[in-house]
Amino acid sequence: MTEVRKEPYLLEVKDLQVSFYTRRGIIRAVRGVHLKMERGETLGIVGESGSGKSVTARAILGLVDLPGAITGGDILWNGESLLHGKGAKARARKVRGKEMAMVFQNPMTSFNPLYTIGSQIREVLKYHLGMNKKQGTERATELLSLVGMSNPKSRVDQYPHEFSGGMRQRAMIAMALASEPKLLIADEPTTALDVTIQAQILELLDDLQSRLGLTTILITHDLAVVAGVCHRVRVMYAGRFLEKGSAEEIFGKPGHPYTVGLLKSTPRLDELVPRLYSIAGSPPDLRLPVTGCTFLPRCEIGEDSCGVTEPLLTGKKGAREVACYRSFEAESVIEAELEAEWEALARADD
C-alpha cells in the first residue's frame, strides 16, 4: 500500500524542460528533470559545464530569459504550481527572492560595482520585508556578521571591488539570506576560489544549513565538493539526471560510467595512479535529436544496443537509480586499465 504524504514537498519539479531558440537551432538544455526536496535537506547536483545544472536552478527561480523558455513540466512550491493555473505568476513573484534565494557563481559580476555592499543588501530587505534605511543597515551588518565577515560595521559601506573573492562570496550569501529564505540554491559557490577559501565557504554553507534549517541545493562540477556536505546527489549530463542516490551510495560505489569518470578524474591523496584519468570526447550537441544513450560516444563499456533507445533512471524508487544499460560495470574496467598501465611502467623500468 502506497504511503500518503501528510504534507507536500517543499519543492517538487516534474518533467522540467527548458529550450533555447537560436539561429543555429533549438538547444534542449534541460530534458525531463524530476526533483523532490524535503525540508532541511541538502542536495548536490554535479556534472560538467554545459550539462544543464545552472539552467535547472534558474528555471526553478523563474530566471530563464530569452531566447530561453520553459517548454514543459511543472514546478511546485509547497504543493502549488508556479507555472500553471490561476495565480501561478503572482505566486512565483512572491516566492522568488523571498522564500527561494540563489548564490550565483561569480559575485564580482552579480554585484553592482557602483553601489556599496550594504546598499545592495538593503534593497533586498526593503523590497521583501519593507525595512527602512536604518533598519536595513542594521540588518545588513548582522547578516555580514552571520556569514563570518570581519569588521562588518565598516564592510557594509564598502564597494565590491574592495572585497577579496572569498569576502564577495560571503557577501553574496548574506544577500541571499536577507529575506530568510526556506530554499537556498548555491550555484558553483566555490568557483575561482583557492582551496582554503573553498573549504571555508563550504563549511559556512553547511553551518548555515544546520543553524537556520535551510533546504539547500548545491550545484558544482566537482564531486569532491559535495562529498561531506550533501545528503543526496544527482549526477547530470546532457540535460538529464543519469544517476541519483545518497552521497554514501554514489561515492562508495558509483553506478553510471559518467559518475565513475568524474570520480576518477578527481585527484586523491590516498591513491597513487600512473596518470590522472580523464573522460575522452565532448558532451553532445543538444540541437540534434537524441537517439540512445547520450554518453555512448564517450563510454568505455558502451555497446551498439545502447544507441537504440535512451535509458531511463531505474532502480529502487526513492533510493539509488541509474540510467544505464550496463550500470556498475565501468569501475572495474577503468581499474583494469590503470593496473595495466602500472604493469607496463614496471616492465619499462626493468
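About the cut-offs
Residues numbered from 1 in each chain as written. Predicted model: local features only at pLDDT ≥ 70, side-chain atom pairs only at ≥ 80, totals over all residues. Heavy atoms only, no water. Helix = DSSP H or I, 4+ residues; strand = E, 2+ residues; numbered from the N terminus. Rg over C-alpha atoms; globule rule 2.2 N^0.38 Å. Buried < 20%, exposed > 50% of the residue type's maximum accessible area, 1.4 Å probe, protein only. Contact = heavy atoms within 4.5 Å. Pairing = 2+ DSSP bridges. Axes fitted to C-alpha atoms, helices over the stretch in contact; angles between N-to-C directions. pLDDT = per-residue confidence, 0-100. 1 Å grid on protein atoms, 1.4 Å probe; cavity = no way out; pocket = protein on both sides within 12 Å on 5 of 7 lines; lining within 4 Å. Points joined across faces, edges and corners; volume = space filled by probe spheres on them. Nonpolar A, V, L, I, M, F, W, Y, C, P; charged D, E, K, R; others polar. Phe/Tyr/Trp six-rings, centres within 6.5 Å; stacked < 30°, edge-to-face > 60°. Core = buried A, V, L, I, M, F, W, Y, C linked by side-chain atoms within 4.5 Å. Parallel < 35°, antiparallel > 145°, perpendicular 65-115°, else oblique. Left-handed = near helix turned anticlockwise from the far one by under 90°. Expected span 1.5 Å × (residues − 1). Lys, Arg positive; Asp, Glu negative; His and termini not counted. Salt bridge = Lys/Arg side-chain N within 4 Å of Asp/Glu carboxyl O. Polar contact = N/O pair within 3.5 Å; in protein donor to acceptor, adjacent residues only side chain to side chain.

Caption draft 1: Inspection of the overall build of the protein chain at higher detail. When helices and strands are counted, the protein chain shows twelve helices and twelve strands. Its C-alpha atoms give the protein chain a radius of gyration of 22 Å, near enough to 20 Å, the size a compact globule of 350 residues would have. Burial statistics for the protein chain: of 350 residues in total, 45% are counted as buried. Residue pairs in contact within the protein chain that sit at least 24 positions apart in sequence constitute 65% of those at least 6 positions apart.

Caption draft 2: The arrangement of the sheet that holds strand E11 (residues 314–315) in detail. Pairing is mixed across the open sheet formed by eight strands, whose spatial order is E6-E7-E8-E3-E9-E10-E12-E11. Single-partner strands in this sheet number two, and they are strand E6 (100–103) and E11. Both strand E3 (residues 42–46) and strand E8 (residues 215–220) contribute to a ladder of five bridges, which runs parallel. If you follow isoleucine 45 over to E8, its bridge partner there is isoleucine 219. Helix H1 (residues 53–61) contacts E3, E6, strand E7 (183–187), E8 and strand E9 (232–237) of the sheet and is inclined by roughly 150° relative to E6.

Caption draft 3: Geometry of the confidence of the model for the protein chain. Here the protein chain averages 88 in pLDDT, while 96% of its residues score no lower than 70. The least confident element of the protein chain is helix H12 (residues 330–349), whose mean pLDDT is 73; the most confident is strand E1 (residues 11–22), at 96.

Caption draft 4: Expanded view of empty space enclosed by the protein. Per the stated rule, a full pass over the model turns up four cavities of 30 Å³ or more. In this structure, the largest cavity spans a volume of roughly 80 Å³. Tallied by class, the residues present in the lining of the largest cavity amount to nine nonpolar, two polar and one charged. For the second largest cavity, the full set of lining residues is Pro257, Gly261, Tyr277, Ile279, Phe295, Arg298, Cys299, Glu300, Ile301, Ala330 and Ile334. Of the residues contributing to the lining of the second largest cavity, the split by class is eight nonpolar, one polar and two charged.

Caption draft 5: Spatial organisation of the packing of aromatic side chains. The tally for this structure, following the rule as stated, stands at three aromatic pairs. Their ring planes at 90° and their centres at 5.3 Å tell us that tyrosine 237 and phenylalanine 295 sit as a pair that is edge-to-face. Of this pair, tyrosine 237 sits in strand E9 while phenylalanine 295 sits in the loop between helix H11 (257–264) and E11; the two residues are 58 residues apart in sequence, bridging distant segments of the chain. With a relative accessible area of 1%, tyrosine 237 lands in the buried category. An aromatic cluster is present here, built from Tyr237, Tyr258 and Phe295 joined pairwise through their rings.

Caption draft 6: Representation of the nonpolar core within the structure. Formed by 59 residues in total, the largest nonpolar core has its most connected members in Ile121, Ile173 and Leu218. Broken down by element, the residue count for this core peaks at seven residues, all from helix H7 (residues 165–176). Ignoring any residue separated from it by four or fewer positions in sequence, one finds leucine 218 in contact with Leu43, Gly44, Ile45, Ala186, Pro189, Leu202, Leu205, Val225, Val226, Val229 and Cys230. Formed by 31 residues, the second largest nonpolar core is a distinct cluster that contains Leu10, Val33, Ala92 and Met236.

Caption draft 7: Region of interest: the packing of helix H4 (residues 117–129) against helix H5 (residues 133–146). Between H4 and H5, the shortest axis-to-axis distance is 9 Å and the interhelical angle comes to 110°. The angle between the axes of H4 and H5 places the two elements in the roughly perpendicular class. Between H4 and H5 the crossing geometry is right-handed. Residues Ile117, Gly118, Ile121, Arg122 and Leu125 of H4 form the contact with H5, whose own contacting residues are Lys133, Gly136, Thr137, Arg139, Ala140, Leu143 and Leu144.

Caption draft 8: How the structure looks around H4. The end-to-end C-alpha separation of H4 is 18 Å, in line with the 18 Å expected for 13 residues at 1.5 Å each. If you check which residues of H4 are buried, you get Ile117, Gly118, Ser119, Gln120, Ile121, Arg122, Val124, Leu125 and His128. The inward-facing, buried residues of H4 contact H5, helix H6 (152–155) and H7. At the exit of H4 stands glycine 130, carrying a positive phi of roughly 70°.

Caption draft 9: Spotlight on the sheet that holds E1. Strand order in the open sheet formed by four strands is E2-E1-E4-E5, with antiparallel pairing between adjacent strands. Of all the strands in the sheet, the pair left with one neighbour each is strand E2 (25–37) and strand E5 (80–81).

Caption draft 10: Here's a closer look at the side chain of glutamate 188. Looking at the element boundaries, glutamate 188 is found in the loop between E7 and helix H8 (195–212). Lacking a salt bridge, the buried glutamate 188 has lysine 53 as its closest oppositely charged neighbour, with an N-O distance of 4.2 Å. A polar side-chain atom of glutamate 188 sits 3.2 Å from a polar atom in the side chain of histidine 221. Every residue in contact with glutamate 188, bar those within four places of it in the chain, is listed here: Lys53, Gln105, Gln169, Ile219, Thr220 and His221.

Caption draft 11: Up close: the pattern of salt bridges. What the rule picks out here adds up to 14 salt bridges. Measuring nitrogen to oxygen at the nearest pair gives 3.7 Å for the salt bridge that ties glutamate 7 to arginine 39. Within this pair, whereas glutamate 7 is found in the segment before E1, its partner arginine 39 is found in the loop between E2 and E3, the two being separated by 32 residues in sequence. Taking the relative accessible area as the measure of exposure, glutamate 7 reaches 44% and is therefore partly exposed. Two residues, glutamate 180 and arginine 139, come together in a salt bridge whose shortest N-O distance is 3.7 Å. With a gap of 41 residues between them, glutamate 180 in the loop between H7 and E7 and arginine 139 in helix H5 connect regions that are remote in the sequence. Residue class for glutamate 180 comes out exposed when judged on its relative accessible area of 58%.

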